[in-house]
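The chain contents come next:
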Amino acid sequence: MSKDLKTFGHFQPGDIVSIPFGGVLTHYGVVTARGTVISNSRKHDGVTEQSLEDFAAGRRIRRHGQAGGADPLHVEARARRALGASYRLAGSNCGDFVGHVHRRKPTITQVGRASLMALGDLIGNSRKYR
């Protein structure tokens, strides 16, 4: 990591962070160089940027660190390009978002889910044109 990047407490730009919610669920986001968090949230109807305090909403933030050695500035740039994108539980949720901005390879579950969604779209669209 570049030495000129700031740290915010023990959070660094590009870090994956999470908070617990709903008992057993976890919400993920990415820390920016501004000390904010960008995440994809159903609550906010898509990709949004928040202060660390707003992201935490009174809960303890867990730091997961960097993923795969990605450059934090590139991670943030990919996250910023996604601002305003829609939320979908299947295929575009907080976990998918974090994986995308860190350029992680999709899991077999994500590939299967995307394939089923594409097949559903093909079948659904073919009915519209008959």
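Conventions adopted
- Residues numbered from 1 in each chain as written.
- Predicted model: local features only at pLDDT ≥ 70, side-chain atom pairs only at ≥ 80, totals over all residues.
- Heavy atoms only, no water.
- Salt bridge = Lys/Arg side-chain N within 4 Å of Asp/Glu carboxyl O.
- Helix = DSSP H or I, 4+ residues; strand = E, 2+ residues; numbered from the N terminus.
- Buried < 20%, exposed > 50% of the residue type's maximum accessible area, 1.4 Å probe, protein only.
- Pairing = 2+ DSSP bridges.

*Asks:* Whenever I open this one, the pattern of salt bridges confuses me. Can you help?
*Replies:* Opposite charge on two side chains lets them pair, provided their charged atoms get close. Tallied over the full model, the rule gives three salt bridges. A salt bridge links arginine 63 to aspartate 15, with the nearest nitrogen and oxygen atoms 2.6 Å apart. Taken together, the residues arginine 63 in strand S5 (residues 62-65) and aspartate 15 in the segment before strand S1 (16-21) connect sequence positions 48 residues apart. Take aspartate 15: its relative accessible area is 0%, and that puts it in the buried class. For arginine 80, the salt bridge identified is with glutamate 76, shortest N-O distance 2.9 Å. One end of the pair is arginine 80 and the other is glutamate 76, both in helix H2 (residues 72-81) and four residues apart, which spans about a single turn. Within the structure, one salt-bridge network assembled from shared partners comprises Glu49, Glu76 and Arg80.

*Asks:* Mind showing me how you'd approach the pairing of strand S2 (residues 25-31) here?
*Replies:* Every regular strand shows the same layout, with side chains that alternate between the two sheet faces. Two strands pair when backbone bridges link them, and S1 and S2 are joined in this way by six bridges, in the antiparallel orientation. Note that in S2 the partner of valine 17 across the bridge is glycine 29. Remark: three residues form the turn of the hairpin made by S1 and S2, two consecutive strands paired antiparallel; glycine 22 in that turn has positive phi of roughly 60 degrees. Bridge count for S2 against strand S3 (residues 36-41) is two bridges, and the pairing is antiparallel. Counted as the bridge partner of valine 30 is isoleucine 38 from S3.

So, to be careful, I would describe these as geometric facts and stop short of saying anything about function.
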